[in-house]
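For reference, the chains in residue letters:
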Amino acid sequence: MARTILPFGPQHPVLPEPIHLTLELEDEIVVSAVPALGYVHRGLEKLCEVRDFHQMIQIVERVCGICSKIHAMCYCQSLEEMMGADVPRRAKYLRVVWSELHRIHSHLLWIGLFADAFGFESLFMQCWRIRERIMDINEATTGNRVVVSVNVIGGVRRDLSREHQTWIGEQLKLVEKEVLALKSTIVSDYTVKSRTQGVGVLTKDQAHQLGAVGPVLRASGWAQDARMLGYAAFDELDFEPVVEVDGDCYARLAVRFREVLQSVDLVRQALTRLPEGEISVPVKGKPNGEIITRVEQPRGELMYYIKGDDTKFLDRLRIRTPTFANIPPLLAMLPGVELADVPVVVLSIDPCISCTER
Amino acid sequence: MTSKFLLALALTIAAPFIGGLVTGIDRKITARLQSRYGPPIAQPFYDVLKLLGKDRMVVNMWQALCPVVTLTASALCVFLFGMQADLLLIFFVLTVGGVFLIMGAMAAPSPYSQIGAQRELMQMLAYEPLLILVFVSFSMVTGSFKIADVYAYGRPLLPQLPLMFIVLGYALTIKLRKSPFDIAACHHAHQEIVRGVLTEYSGPNLALIEIAHWFDVALILGLCSLFWSTSALGAATLLAGAYFLELVIDNVTARMTWRFMLQNALGVGLALSVLNIVWQSFNN
Amino acid sequence: MNDVITRITMDELPGLAQKMFGEGQRLATLTAVDLGDGTLDLLYHFDKDLVLSHYRLTVPKDAVAPSISGVYFAALLVENEIKDQFGLNFSGLALDFGGHLYLADEVQNAPFCKLSLTKKA
Amino acid sequence: MFMTKNVLKNLFSKSATRLYPAEVRAPFKGFRGMLENAIDVCIFCKKCQLACPSQCLKVDLKARTWECDPFACVYCGVCVDVCPVASLSMRDAYRPVTGEREMIFMQGAPKAVKEKKEKKEKDEA
Amino acid sequence: MSLTDWINKGRLKSPWVVHFDCGSCNGCDIEVLACLTPLYDVERFGILNIGNPKHADVLVVTGTVNHRNKTVLKNIYDQMPGPKAVIAVGACGLSGGVFREAYNVVGGVDKVIPVDVYVPGCPAKPESIIDGVVKALDVVKTKLGLA
Amino acid sequence: MLEYLVFLLVVLPVLSAVALLCIKNEGPRKSVVIATGAVLAFCSLALFAGGSFQLRPQSMLGLDPDVLVTGLDFALLAVILGIAVKLKSPLLIALGLLQILPLGYFEYSFARHAAAGPSLAADNLSLIMVLLVGFVGSLVCVYGLGYMKEHEAHLGLKKTRQPRFFFFLVLFLGAMNGLVLSNSLAWVYFFWEATTVCSFALIGHDGTQEARANSVRALWMNMLGGVAFALALIAVYKASGTVLLSDLLAHPGGGASLALLAAFFLLCFAGFTKAAQLPFQSWLCGAMVAPTPVSALLHSSTMVKAGVYLILRLAPAYAGTSLSSLIALFGAFAFLTTAALAIGQSNAKKILAYSTIGNLGVIVACAGINTPASIAAGVMLLIFHAVSKALLFLCVGAIEQRIGSRDIEDMRGLIAVMPRAAALTVAGILTMLLPPFGVLLTKWMAIESAMASPLLVLILALGSALTVVFWTRWAGLLLSAPMPAAGLVAPGAAVQAASMRIPMTLLAYGAVLAGLASPLIYRSLAAPFVSLFYKGAAYDVSAGSFASGAGTFSVYPLFLLLGAGFFYALRLARRLPARSASAPYLCGEQTGDAAGNVFRGPLGPVAATPANLYLSAICGEEVLTRWINVIAMTMLAVMFGGIL
Ligand code: SF4
Ligand code: SF4
Ligand code: SF4
Ligand code: SF4
Ligand code: SF4
Ligand code: SF4
Ligand code: SF4
Ligand code: SF4
């Protein structure tokens, strides 16, 4: 039968970021999907040869603006460990606060975009409206809405005042209430279910073999979350990874929806247990040696490899981002889905191309 | 006869303004349902005026030809409605517009407009039988396909054909491109097929299609109003209620796929029609 | 770094990949590092239940490394990336972008390599 | 369908929209907006230039100039952190949009003049 | 008022936007998107994110131009029917920002297509982006000889 | 005079056919075909001008005409049996014997006693058919001249087989004329079998494996109808003592006896097979292996039209019976299902074939609805369909010769390659699909006349919604081309032979003008026929509008307004400056190639190729055919059972 061959991207209204898929369709069913990348590739890992290891904080933060803070945190944690810095506990708690705030805004942003992928505009609008509260918290506490620049090697740059803490608490209460108001729509709406259930299924085995990470992995039944490693202050907080078993788009939606509430809880825990003390320590010396560090981004496990040779320029910086790991699973999910479901499936891994390509 | 003609002419001239205004109100209310402030009510008119002033860009000449025919057909439909003509005839003329819209979209060797065109065909496949069913139900009650006879019937049709009103609602949702059936091209543009059937139309050509859409909106509202043909107030209430419901549905559902639309619209539409027709013949 | 890095040779690689796959290890990623003497370190990172294990393979830049994308489909992207950035060739890539995964034609080849003898020549 | 309650509530309450530019919200304290240099205070030590991750600052001690490419600045505030005399600060207003390429060039007063002035101020105090 | 006057009025009240992410870190992207959402709701100004260059009046570009996306950027610009305007958003779009020196980065948007309005920031604030569109309309006005 | 005309119409084609069989050169062949066509067209007009008539030829070639026809009939059956024996097909032999034996029985026991009556007769229905044969049929034959030359060149034939081809082609016209002008069912039967043989020969003309297989299928299916016809002869005579149509129809609506009804059912059954109604659709679909003029002829003015002719002809006789309602349902069902089947097809000829079956289904349904309005609709659809469908087949033939494919997917952008043929095809499609053209008008008439039965209306309406899908997408993809570099209107590409071009152009004008003339056609052709058998006028035609109690269809105003819109649009489009050309949207990766559809893909340039939706999971032949056939057979069984 005659097949349709279609360029999907780089410029395409449902794609928030440029990526290209050459799709082959039969009666609007995907037969094959071949990706083309490189539209966002900057080569920023290579910049470590011309920017010193302090300046690189700002650069890795801009690997991706959505969970920027977590990149910087992972990078700083690597160098802190490598250079033997003893980060103050308060700083560790503050890192948890901001990184979980990032997860909340990132997941809300995603639920909105995901809703838009299946044409549910009002849900998109509601999610983004709620998310603005988190953006306000960011702006008020860090000085910027998106790229917050709060990490330094040895701690954080800004502290949270008491008033901030209470205000954040109030805002989170509202966020929680508003998110819960969307719960029935997100988890039980007939049209949402019929657009997501059974679509883009990744079995438990596939998920593992193809190297999926984050909510994609957890939606396929694996209780694996880098936060279980207990970095920053996670070892002192109550945390249980969110797991679903169906491995379809609906399961991924459910995982992220539950994680929003979980993160609200984590921020609350961190704020109530926030220890007094310094927010950073000075770090002396130059990085030397090799290190691999992992943290959990909203999109999954992030991994930094850093090699220093005792100069202020790193020898090698490699960032394995979560979407990079989730693209092979995505390619496995696509054949057999309807064209209308392509954006749904693509968005279900919460792709971040700017981090994939760096 | 002449007075009827003049009335029809006046209706034809007023229709795009009515359609545009309804679209404007639609956008405003949609925005409010999403807790947004929304555009001015006159926004659709600004849009079309702007489009008319854009440079003409076409993939080939058919793209310039087809919108004009589409517009002619849509305007003609409203005119025929004004003349209280044959419903089936109006239906067939409506098809002319749809067919030319699709032909123009297919005239571009562009995958998105082609897929959009195919889906538009699926939409026609879904709403055309429903419209015909509604017309048939009218004819069963009034004894003819003429709109004039609906008015002459002297009683509102809604109490006798309540389910058919729902069937018309299905057709309305599809024709107005509202969720869950905004499948061939949605109003804004976050769809996997870009703007579907409209992708390759631009500038003045797109403006013509938009105006044709206004005519269609006016026509479809006119058809709805036939369910309460005995009083202007009744018709207006019915229309406002139906349209508002349409907006709410648009905002509380996801977009479905065309396969779902075919099954659902045809399946439910046929079932409701059969029910109503059987019930109706019992009553008589 | 606390983790152990085991050295392997090119011949051991395919067997290792099979073994790890059989053990239910997830391929986390590969890392390539230019050692500046005409060789590259390829680090294979595997993960199981949040425990990482690493294997280091040192290869000359002009060698052809065996691709493990046949075993681990996930290796496809990173191997192509290494081909782009370091100019290292792999044999048996599941989908070969020919050094153009990210890079357009006008960009220099192997931009991540340090100035080395091969490069100067 | 579960969204119905939500959207109807929206319809009958005030919209969430802030009617910018008619309605402007006061900036949060500490917002990192435009970078400003109190050039009279600057000692042209180049610390900011060295620290800037975007490499958009150029300081010339001899000519006593401080240049910034506002199109490349990423508003990270690192320069503010490192400035030893606190001549740099970030205003809480974002940089206005423009139709032209811009460059910021600031000329400090010649060293002698500046010192004289400072002395005078001290004296007055 | 003549038809042209009406059309000009429409032109100033209905800027449809196509947004192209040229390799942004998403920071600017999500702020552009935020403009569409309830808090900022740019549909107030008739702005729609139309996603299709053939329907758009304004091209909003975020991110650094790189060697692979520069042709795409040019292609999109070429497919927009006139009159049209281009807005570059964020340090990246203005100059390449923090990535200027990366090997795959060409630089700001104006290296490839003419830019009418520059919106600074990293990322630019939604308010600033709204200002940018308003400014772009001024540019259009000038181009039409109305200002 | 009348006799000469009838003679010319029936026998001249036979003589020409014989002549053509002997002519080995192109020049004379051309002259003979064109001359025959011209004479047929002229004679049909002349005959039409004379109006209805009844005729009893006294002697022919010095023989009693009845005897002559009987003799020929047996000869023909012998030929068929011969073919069957040669093909070593027990089925065919059985079917052949099953005709010879009843016929022998009929001739032996009844024919002698038959009251002499006019064995030839014509009313408006016959005259319409004669006109169609004379004009459409002749044009198709003329087209065949150019087509076959090219066709044989393509096949690389050393020795031309055109004499054989034109022999059967022209013979067909004569047989068809004979069929519709006969008043005696026995005569009709003879011509009926003659068309069967002609079609068998023509379908198998190319001699390929497939062609032979399909021609055999066509043969046995039609012979099945022949058997029914032969049995019907006996039954009709037994029940009513006459085989003259004029006698049978003398008392329309007068309750026919059960036995007579059964006979009518057999005749209708024969009509169903010939008109390729379900479940016999496969022979017509298979017939498209034949060279295109054959398909064009089979589908437009001959063969299948003979089937519906017979059903329409008998309609008054079974009016008001449950048989009639069942026939209506049966026809409507064919319309709906073939429209669905056509959606699943990308083969242009198959789409046309299914569309033909569907339209014939509508005609059958009209006969079954059996009201003045519906009969008028059926008769008019016969005309409009013949013209448009002939045009479409000729176009497909011309296109296929050029691009080497009959797949509509391969016709994308044909407007740039064959502007004229593509435009004519689009015109043909639009005349099949849209108001104000004739086919649609008749569909409107059919639907409104079916008002008494909502089920029927529903099926017809659903069917017509389905037809929009396959017609529109075909028309659309023909136009799918980038703006030609030189200007907006593609330069005239290679010219076709005049013998092909002219018939196509004439038919296109015919299709459009026939629509415009529909009020005239109704008044002068359809209405008089209807009023022969039915009381009351179906439509009030004034000011170019059809009006009945059920509704109004305004032909002239629609033509005027839509036409004005169309021509304005055309003018606008033609004046577009070349600089308005822009490449299609390809997500920003277009390469600016000439075809306009190449984009930069991950591993190099890729051509974006759209394809239609064929809904293969629902509308695929494999999926649908079985069910449809089962249902159709059940309906036939119910029809038959209902009578008994
Ligand atoms: S992992 Fe991706 S999404 Fe998350 S911060 Fe990094 S770049 Fe952004
Ligand atoms: S993370 Fe990437 S994919 Fe997700 S919204 Fe942001 S840009 Fe789009
Ligand atoms: S699909 Fe998206 S853009 Fe289109 S109308 Fe629906 S919500 Fe709006
Ligand atoms: S130019 Fe740059 S540094 Fe200077 S004030 Fe403006 S933003 Fe700040
Ligand atoms: S760091 Fe401060 S004092 Fe030094 S040059 Fe920069 S602005 Fe001047
Ligand atoms: S704010 Fe950051 S980017 Fe801007 S000048 Fe200062 S250090 Fe450089
Ligand atoms: S300007 Fe800043 S926020 Fe915007 S894309 Fe560039 S790095 Fe990201
Ligand atoms: S393409 Fe046409 S002409 Fe040529 S051989 Fe085939 S059928 Fe005959």
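As a reminder, the structure under discussion sits directly above these lines.
Just so it is clear, the structure is predicted and the values come from calculations on it, not from any experiment.

K.L.:
Sorry, what's going on with the overall build of chain B here?
P.N.:
Along its length, chain B carries ten helices and zero strands. The linear arrangement of helices and strands in chain B, starting from the amino end, is α-α-α-α-α-α-α-α-α-α. Against the 2.2 N^0.38 benchmark of 19 Å for 284 residues, chain B shows a C-alpha radius of gyration of 18 Å, consistent with a compact globule. Counting all 284 residues of chain B, 76% fall into the buried class.

K.L.:
Looking at this structure, how should I read the environment of B:Thr12?
P.N.:
All names here are of chain B. Looking at the element boundaries, Thr12 is found in helix α1 (residues 2–33). The exposure class assigned to Thr12 is buried, which follows from its relative accessible area of 14%. As a C-alpha pair, Thr12 and Val78 span 66 residues in sequence and 5.8 Å in three-dimensional space. Apart from residues lying up to four places away in sequence, Thr12 is in contact with Ala75, Val78, Phe79 and Phe215. Among the polar contacts made by the side chain of Thr12, one reaches the main-chain carbonyl oxygen of Ala8 at a distance of 2.6 Å.

K.L.:
Whenever I open this one, helix α25 (residues 621–643) of chain F confuses me. Can you help?
P.N.:
Since the α-helix turns once every 3.6 residues, residues separated by three or four places project in the same direction. Residue and element names in this part refer to chain F. An ideal rise of 1.5 Å per residue puts 33 Å on 23 residues; α25 measures up with 32 Å between its terminal C-alpha atoms. Every buried residue belonging to α25 is among Glu621, Leu624, Ile628, Asn629, Ala632, Met635, Leu636, Met639 and Ile643, and all of these are buried. Looking at the buried positions of α25, the neighbouring elements they touch are α10 (258–274), α11 (281–286), α14 (322–343), α15 (348–369) and α24 (616–619).

K.L.:
How should the sheet that holds strand β2 (residues 57–60) of chain D be read in this particular structure?
P.N.:
The strands making up a sheet associate through backbone hydrogen bonding, with each pair oriented either parallel or antiparallel. All names here are of chain D. A sheet is described by the order of its strands in space; here three strands give the open sequence β2-β3-β5, paired in antiparallel fashion. Since the sheet does not close on itself, it has two edges, and those belong to β2 and β5 (104–107), each with one partner. Strand after strand, the sheet turns through a mean of 10° between neighbouring axes, direction not considered. By the bridge criterion, four bridges tie strand β3 (residues 65–68) to β5 in an arrangement that is antiparallel. Residue Trp66 lies in a different strand from β5, and its bridge partner there is Met106.

K.L.:
What should I look at first to understand the interface of chain B and chain F in this one?
P.N.:
Buried accessible area, meaning the area lost when the parts come together, often serves as the stated size of an interface. Chain B puts 56 residues into the contact, and the matching count from chain F is 69 residues. Summed over both sides, the interface of chain B with chain F buries roughly 5400 Å², with 80% coming from carbon and sulfur. Contact with chain F buries area across many residues of chain B, yet B:Met61, B:Phe92 and B:Pro109 alone supply 12% of it, more than any other trio. At the boundary of chain B with chain F, the tally comes to zero salt bridges. Taken together, chain B and chain F are joined by eleven residue pairs in polar contact (both at pLDDT 80 or more). Mapped by element, the contributors of at least two residues to the side of chain B that touches chain F are α3 (62–82), α4 (87–106), α5 (111–142) and α10 (258–283) of chain B. For the side of chain B that touches chain F, the element with the highest residue contribution is α5(B), accounting for 15 residues. Across the side of chain B that touches chain F, the residue classes break down as 40 nonpolar, ten polar and six charged.

K.L.:
Sorry, what's going on with the sheet that holds strand β5 (residues 552–554) of chain F here?
P.N.:
All names here are of chain F. The three strands lie next to each other as β3-β4-β5, forming an open sheet whose pairing is antiparallel. A single partner strand is all that each edge strand has here, and the edge strands are β3 (540–542) and β5. Mean inter-strand twist for the sheet, computed between neighbouring axes without regard to direction, equals 15°. The pairing of β3 with strand β4 (residues 545–547) spans three bridges and is classified as antiparallel. Its bridge partner being in β4, Ser542 is matched across the sheet by Ser545.

K.L.:
Help me understand empty space enclosed by the protein, please; the structure alone is not making it clear to me.
P.N.:
Considered as a void within the structure, the second largest cavity measures approximately 310 Å³ in volume. Lining the second largest cavity are 24 residues, with A:His12, A:Pro13, A:Leu15, A:Pro16 and E:Asn49 positioned closest to its centre. Sorting the residues of the lining of the second largest cavity by element identifies α3 (89–117) of chain A together with β1 (16–21) and α2 (27–34) of chain E as the ones contributing at least two each. Taken together, the residues of the lining of the second largest cavity break down into 14 nonpolar, six polar and four charged. Taken domain by domain, the lining of the second largest cavity gets at least three of its residues from each of domain 1 (1–41) and domain 2 (42–346) of chain A.

K.L.:
Help me understand a nonpolar patch on the surface, please; the structure alone is not making it clear to me.
P.N.:
Residues and elements named next belong to chain B. Taken together, the side chains of Phe5, Leu6, Leu9, Ile13 and Phe17 define a hydrophobic patch exposed on the protein surface, amounting to about 500 Å² of accessible area. Within the secondary structure, Phe17 sits in helix α1. Relative accessible area serves as the criterion here: at 53%, Phe17 is assigned to the exposed category.

K.L.:
Looking at this structure, how should I read the site of ligand 6?
P.N.:
Around ligand 6 sit 13 residues, and of these D:Cys52, D:Cys73, D:Cys76, D:Gly77 and D:Cys79 come closest. The residue makeup of the shell around ligand 6, split by class, is eleven nonpolar, two polar and no charged.

K.L.:
Would you mind going over the nonpolar core with me for this structure?
P.N.:
In summary, soluble globular proteins display a tendency toward joint burial of nonpolar side chains. Counting residues in hydrophobic clusters, the biggest one holds 614 residues, and the most contacted among them are A:Tyr75, F:Trp283 and F:Trp474. Residue contributions to this core peak at 21 residues, all from helix α16 (residues 372–403) of chain F. Beyond its immediate chain neighbours, meaning those up to four positions away, F:Trp474 contacts F:Ala348, F:Ile351, F:Leu352, F:Val396, F:Ile408, F:Met411, F:Thr425 and F:Ile429. In this structure, A:Ile292, A:Met303, C:Ala28 and C:Val33 belong to the second largest nonpolar core, which totals seven residues.

K.L.:
Which parts of the structure should I look at to understand the environment of F:Ala49?
P.N.:
All names here are of chain F. Along the chain, the position of Ala49 falls in helix α2 (residues 26–50). With relative accessibility at 67%, the residue Ala49 sits in the exposed group. In the structure, Ala49 is positioned 78 residues away from Leu127 in sequence and 9.4 Å away in space, judged by C-alpha atoms.

K.L.:
For this particular structure, what's the right way to read unusual backbone geometry?
P.N.:
Residues apart from glycine generally show negative phi values, whereas peptide bonds are mostly found in trans. Cis rather than trans, the peptide bond between E:Cys122 and E:Pro123 has omega equal to -10°. Structurally, the position occupied by E:Pro123 is in the loop between β7 (117–119) and α5 (126–143). Even without being a glycine, C:Asp49 presents a positive backbone phi close to 50°. With respect to the helices and strands, C:Asp49 occurs in the loop between β3 (39–48) and β4 (51–60). In this model, F:Cys587 sits at a positive phi of 60°, which is unusual for a non-glycine residue.

K.L.:
When you look at the arrangement of the chains in this model, what are you seeing that I'm missing?
P.N.:
Comparison of the twelve pairs of chains in contact shows the highest number of contacts for chains B and F. There is no contact between chain B and chain C; across them, the least C-alpha separation is 24 Å. Chain C makes no contact with chain D; the smallest distance between any of their C-alpha atoms is 21 Å.

K.L.:
I'm lost on the pairing of strand β6 (residues 288–297) of chain A in this one. Help?
P.N.:
The two faces of a sheet get side chains in turn, since along a regular strand they alternate between them. All names here are of chain A. Most of β6 sits inside the fold, with eight of its ten residues counted as buried. Pairing between β6 and strand β7 (residues 300–309): ten bridges, direction antiparallel. The residue of β7 that forms the bridge with Gly289 is Gly308. Taking the residues between adjacent antiparallel strands as the criterion, β6 and β7 are bridged by two residues.

K.L.:
Can you walk me through the interface of chain E and chain A in this structure?
P.N.:
The interface of chain E with chain A comprises 39 residues on the first partner and 39 residues on the second. Across the interface of chain E and chain A, roughly 3100 Å² is buried in total on both sides, 64% from carbon and sulfur atoms. Summed over the shared surface of chain E and chain A, the number is three salt bridges. Put simply, A:Glu139 and E:Lys125 hold a salt bridge, and the shortest N to O gap is 2.7 Å.

K.L.:
Would you mind going over the side chain of E:Thr37 with me for this structure?
P.N.:
Relative to the assigned elements, E:Thr37 resides in the loop between α2 and β2 (48–49). When neighbours within four sequence positions are excluded, E:Thr37 is seen to be in contact with A:Phe124, A:Met125, A:Trp128 and B:Arg36.

K.L.:
Just to check I follow, could you spell out the packing of aromatic side chains for this structure?
P.N.:
One pass over the full model with this rule turns up 40 aromatic pairs over all chains. On the basis of an interplanar angle of 75° and a centroid distance of 5.2 Å, the ring pair of C:Phe21 and C:Tyr72 is categorised as edge-to-face. Of this pair, C:Phe21 sits in helix α1 (residues 12–22) while C:Tyr72 sits in the loop between β5 (64–66) and α2 (75–86), and the two are 51 residues apart along the sequence. According to the relative accessible area criterion, C:Phe21 is partly exposed, its value standing at 27%. With a centroid separation of 5.4 Å and 45° between ring planes, the pair formed by F:Tyr189 and F:Phe229 is classed as tilted. Here F:Tyr189, found in helix α7 (residues 185–203), pairs with F:Phe229, found in helix α8 (residues 209–240); they are 40 residues apart in sequence, far enough to count as distant. One exposure class covers both F:Tyr189 and F:Phe229, and it is buried.

Quick notes on the rules
- Sequence order as written defines residue numbering, which begins from 1 separately in each chain.
- For this description, chains carry letters from A and ligands carry numbers from 1, given in the order in which they are written.
- At least 70 in pLDDT is required for a residue's local features to be given in this predicted model, at least 80 for side-chain atom pairs to be given and counted, and no such filter applies to totals for whole chains, interfaces and linings, which use all residues.
- Calculation of side-chain values draws on the structure's entire complement of heavy atoms; hydrogens and water are dropped beforehand.
- Helix numbering and strand numbering both begin at the N terminus, where a helix is a DSSP run of H or I of at least 4 residues and a strand a DSSP run of E of at least 2.
- Just to be clear, the radius of gyration here is over C-alpha atoms, and the globule rule we use is 2.2 Å times residues to the power 0.38.
- Relative accessible area decides the class of each residue, using a 1.4 Å probe on protein chains only: under 20% of the type maximum gives buried, over 50% gives exposed, and in between gives partly exposed.
- It only takes one pair of heavy atoms within 4.5 Å for two residues to be counted as in contact.
- In protein, a polar contact requires one atom able to donate a hydrogen and another able to accept it; more generally it is a pair of N or O atoms within 3.5 Å, and residues adjacent in sequence count only if both atoms are side-chain atoms.
- How far a helix is expected to stretch is found by multiplying one less than its residue total by 1.5 Å.
- Pairing between strands is defined by DSSP: at least two bridges between them are needed.
- The convention used is that axes are lines fitted to C-alpha atoms, helices contributing only their stretch in contact, and that angles between N-to-C directions extend from 0 to 180 degrees.
- Throughout, the accessible surface (probe 1.4 Å) given up by two parts as they are put together, summed over both, is called the buried area.
- Any carboxyl oxygen of Asp or Glu within 4 Å of a side-chain nitrogen of Lys or Arg constitutes a salt bridge here.
- Any residue outside Ala, Val, Leu, Ile, Met, Phe, Trp, Tyr, Cys, Pro, Asp, Glu, Lys and Arg is labelled polar, Gly included; the first ten of those are nonpolar and the last four are charged.
- A pocket, in this scheme, is an open set of points on a 1 Å grid over the protein atoms alone with protein on both sides within 12 Å along at least 5 of 7 lines, while a cavity is a set where a 1.4 Å probe fits but cannot get out; residues line either one if an atom lies within 4 Å of a point.
- Grid points are joined across faces, edges and corners, and a volume is the space filled by probe spheres set on the points.
- Note that domain bounds follow an automatic or database assignment of domains.
- A patch consists of residues exposed above 30% relative accessible area that lack any salt bridge, with like charges linked at up to 9 Å and nonpolar side chains (Val, Leu, Ile, Met, Phe, Trp, Tyr) linked at up to 5 Å.
- Areas reported as accessible are Shrake-Rupley estimates using a 1.4 Å probe. Residue values count occlusion only from the protein chains shown.
- We call a residue near a molecule or strand when any one of its heavy atoms sits within 4 Å of it.
- Working definition of a nonpolar core: buried Ala, Val, Leu, Ile, Met, Phe, Trp, Tyr and Cys residues. They are joined through side-chain atoms within 4.5 Å.
- A pair of aromatic rings is counted whenever rings of Phe, Tyr or Trp (Trp by its six-membered ring) have centres within 6.5 Å, and the orientation is called stacked for planes under 30 degrees apart, edge-to-face for over 60 and tilted otherwise.

Taken by themselves, the reported measurements are silent on function.
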